[in-house]
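Structure at a glance
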Amino acid sequence: MCGIVGYIGKNHAKEIIIDGLKRLEYRGYDSAGIALAREGKIETRKHVGGISNLEKIIQDREYDSNVGIGHTRWATHGAPSDINAHPHSNEDQSITVVHNGIIENYVELKEWLIKEYGVTFLSDTDTEVIAHLIGIFYDGDLHQAVNKAVEKMRGAYAIAVIAAQEPDKLVAVRKDAPLVAGIGEGCNFIASDIPALLKYVRKLYLVENNETLVVTKDDIKIFDEKNKIVKREVFHVTWDADAAEKGGYDHFMIKEIHEQPEGLLETLNRRLNDQGEINLDGISMDREEISRFNKVYIVACGTAYHAGLVGKAAIEKMARIPVEVDVASEFRYRDPFVDENTLFIAVSQSGETLDTLAALREAKRKGARVLSVVNVVGSSVARESDDVFYTWAGPEIAVASTKAYTTQLMCMYLIGLYMGKTKGTIDENYYRKVIEELKEIPEKLKTILTQEKKIAQIAKKHYKNNEVFFIGRGPDSGVSYEGSLKLKEISYINSFAIAAGELKHGTIALMEEGTLVIALATQDRLFEKMVSNMEEIKARGAYVLGITKEGNGEIEKQTDEWLYIPRCMDELTPLLSVIPLQIFAYYVAKERNCNIDKPKNLAKSVTVE
Ligand code: F6R
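Read on for a plain summary of the structure. The numbering scheme is per chain: residues are counted from 1 as the chain's sequence reads. Only residues with pLDDT of at least 70 are given local features in this predicted model, and only at 80 or more are side-chain atom pairs given and counted; all residues enter the totals for whole chains, interfaces and linings. Water and hydrogen atoms play no part in the side-chain values, which are based on all heavy atoms of the structure.

**As for the sheet that holds strand β21 (residues 467-472)**
This is how the line gets drawn: Two strands are said to pair when DSSP picks up at least two bridges between them. Numbering of helices and strands runs from the N terminus, with a helix taken as a DSSP run of H or I at least four residues long and a strand as a DSSP run of E at least two residues long. Between the N-to-C directions of two axes lies an angle of 0 to 180 degrees, each axis being a line fitted to C-alpha atoms and, for a helix, fitted only over the stretch in contact. Any two residues having at least one pair of non-hydrogen atoms within 4.5 Å are treated as being in contact.
Pairing is parallel across the open sheet formed by 5 strands, whose spatial order is β22-β21-β23-β24-β25. The sheet is open, and its two edges are formed by β22 (494-499) and β25 (561-565), each paired on a single side. Each strand axis lies, on average, 15° off the axis of its neighbour in the sheet, ignoring direction. Relative to strand β24 (residues 543-549), strand β23 (residues 516-521) runs parallel, the two sharing 6 bridges. Its bridge partner lying in β24, Ala-521 is registered against Thr-548. The strands touched by helix α15 (residues 452-462) are β23, β24 and β25; relative to β25, the strand with the most contacts, the crossing angle is about 150°. Across the sheet, helix α19 (residues 574-591) touches β21, β23, β24 and β25, and the angle it forms with β23 is around 160°.

Printed below as a string of structure tokens:
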């Protein structure tokens with residue numbers, strides 16, 4: 001977690017670094033800090049809380065420089081506080097470091113530094129160890145001192161370092177945490193993620209694992225693990241810079257909810273040719289290979305895991321292969337049944353989630369074919385997979401994932417369809433029908449967006465609730481989990497999702513007068529079963545908000561309030577039924593005055609275990 005930015009060039013570094021950090025706040029906002037090197041000294045300022053707190057303490061300071069580093073923190077080691085905020089320095093403040101990630105052997109290193117060098121530590125962080133280590137190895141060559149320090153460090157990290165005696169360079173290292181370098185004119189940059197630099201550069205280097213950068217204002221040198229210079233192709237960013245801004249909406253989350261028709265269309269069009277055939281472009285999976293797979297694992301975290309739940313239903317139905325869905329943090333610690341006949345699908349918006357990455361590596365080690373469904377081009381998950389199926393959602397800034405989820409679902413359907421068609425487990429008619437319906441989804445989704453005001457009114461009625469239940473059957477049960485997560489993460493309401501049929505095995509005990517239950521009843525073949533479940537909970541006093549397809553008017557008799565989604569095949573309803581849940585969560589959080597785009601304790605990219 002955490003975001004780092006570095007700048008060196010002809011302009012004032014302070015403003016550029018602060019601007020970059022603001023675009024990285026999605027990575028954490030427990031504290032922020034900046035260090036600038038000038039006239040043989042490094043000046044550091046840092047403050048607990050978001051970037052605005054940092055801005056207040058630096059706004060009337062005169063100091064500036066042409067080289068500096070900055071940090072926005074998501075606390076791991078040491079509570080959020082001024083003292084634990086980055087940057088961290090060695091004792092004489094000649095070396096200063098910002099860091100994203102974790103140094104796993106920091107206790108050992110700390111004890112060694114205290115014993116051998118009598119170092120005094122100021123903070124509780126693992127990062128401070130890095131500054132002291134580089135400090136003791138430093139003899140006028142920052143690059144070599146960083147190399148020596150890195151040899152001693154274990155863990156996953158991206159760091160950027162400046163030295164008081166070498167204000168003409170900054171050094172950065174990437175090991176299992178994201179890092180990019182921006183190529184300017186007479187200036188250069190480093191950052192944890194591309195949006196931090198979009199205002200200034202369009203040309204970047206994607207830094208690989210175990211690489212070190214030595215950045216001056218005129219040059220970026222990339223060194224591999226053996227300290228050999230690496231030649232890297234320039235990566236050209238084609239995104240619209242506006243895509244990373246709010247574009248007139250109050251929050252990124254609602255903007256991103258509205259961007260879903262476009263993201264879905266793009267994700268579909270990139271994989272569909274004029275004849276309606278799925279084009280895997282670059283992914284070589286023929287009939288023989290697909291028939292060899294006797295098992296599919298879908299592994300992910302949070303919302304991406306929920307996309308996997310829907311993916312399981314789609315792939316099992318279409319390709320007739322058993323699919324297991326697992327949370328990445330559990331997968332690799334239980335010796336899963338994976339071999340060369342396993343297709344492993346990693347799902348990740350950021351492509352940097354450490355648990356997902358670690359699970360992917362474990363699956364690869366065991367011989368699985370690794371296909372990833374990823375939004376961020378060039379991210380670690382994408383680069384380490386055998387094949388990538390990109391979601392073309394565009395940059396997702398709000399911490400709560402919306403458009404990444406629906407585009408992940410689109411990929412799941414396309415993967416299921418492709419496998420099913422190639423294997424011959426679905427016939428041409430079914431294939432064509434699903435493709436035609438997928439093409440209609442973006443327009444249908446827009447009609448749900450027109451109900452935004454109505455959903456906002458419903459949210460206004462319920463925002464004071466202390467708990468909310470979500471229920472559904474079949475694909476609706478997977479969507480219930482996502483609806484529940486969305487609500488709890490941004491509104492802090494205790495919400496709970498359960499397969500509707502499971503209710504009477506325990507959870508129904510919690511139903512009482514006025515308990516709010518959001519019941520998804522979009523599956524035609526399971527509609528009557530859902531009606532029974534709704535009756536059961538209404539009999540216990542629950543207040544039921546039902547969501548179903550147009551035409552299922554029966555819902556109006558069974559529920560206290562209802563919303564309709566356009567008709568589509570049962571398999572595909574998750575692409576639509578999640579939308580009212582996203583909008584409901586957004587407006588509930590808004591009524592409760594929550595920090596919607598940056599909920600407390602969360603970060604967009606979770607690069608720690
Ligand atoms: C919730 C949310 C998280 C992420 C999870 C995985 O709205 O966004 O649950 O889905 O942290 O992140 P990625 O998809 O980047 O691997």
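Moving on from the model shown.
**A look at the pattern of salt bridges**
Note the threshold: Each reported salt bridge corresponds to a side-chain nitrogen of Lys or Arg within 4 Å of a carboxyl oxygen of Asp or Glu. Only protein chains enter the accessibility calculation, which uses a 1.4 Å probe; a residue whose area is less than 20% of its type maximum is buried, one above 50% is exposed, and one in between is partly exposed.
In total, this model carries 43 salt bridges according to the counting rule given. The salt bridge involving Glu-25 is made with Lys-598; its shortest N-O contact spans 2.6 Å. Of this pair, Glu-25 sits in the loop between α1 (13-22) and β2 (31-38) while Lys-598 sits in the segment after α19, placing them 573 residues apart in sequence. A relative accessible area of 9% means that Glu-25 is categorised as buried.

**As for the environment of Leu-272**
Among the secondary structure elements, Leu-272 is positioned in the loop between α7 (260-269) and α8 (287-292). Since its relative accessible area comes to 12%, Leu-272 is described here as buried. Sequence separation between Leu-272 and Lys-439 is 167 residues, and the spatial gap between their C-alpha atoms is 10.0 Å. Apart from the residues within four sequence positions on either side, Leu-272 is in contact with Glu-277, Ile-278, Ile-435 and Lys-439.

**Description of the side chain of Thr-507**
Structurally, the position occupied by Thr-507 is in the loop between β22 and β23. Given the relative accessible area of 13%, Thr-507 is considered buried. If we ignore the near neighbours within four places in the chain, the residues touching Thr-507 are Phe-469, Phe-496 and Ile-498.

**Details of the sheet that holds strand β14 (residues 229-230)**
If you walk across this open sheet you meet the 7 strands as β5-β6-β7-β8-β12-β13-β14, and the pairing is antiparallel. Every other strand in the sheet has two partners, leaving β5 (88-89) and β14 as the edge strands with one partner each. Relative to strand β8 (residues 170-175), strand β7 (residues 155-163) is paired through 4 bridges, and the arrangement is antiparallel. Its bridge partner being in β8, Ala-160 is matched across the sheet by Ala-172. Strand contacts of helix α4 (residues 127-137): β5, β6 (95-103) and β7, with the helix running at about 135° to β6, the strand carrying the most contacts.

**Considering the state of the cysteines**
Rules: Working definition: a disulfide is two cysteine sulfur atoms within 2.5 Å of each other.
Summed over the entire model, instances satisfying the criterion amount to 0 disulfides. Cys-411 takes part in no disulfide bond, and the closest cysteine sulfur, belonging to Cys-301, lies 18 Å away. Cys-568 forms no disulfide, and the closest cysteine sulfur to it belongs to Cys-411, at a distance of 18 Å.

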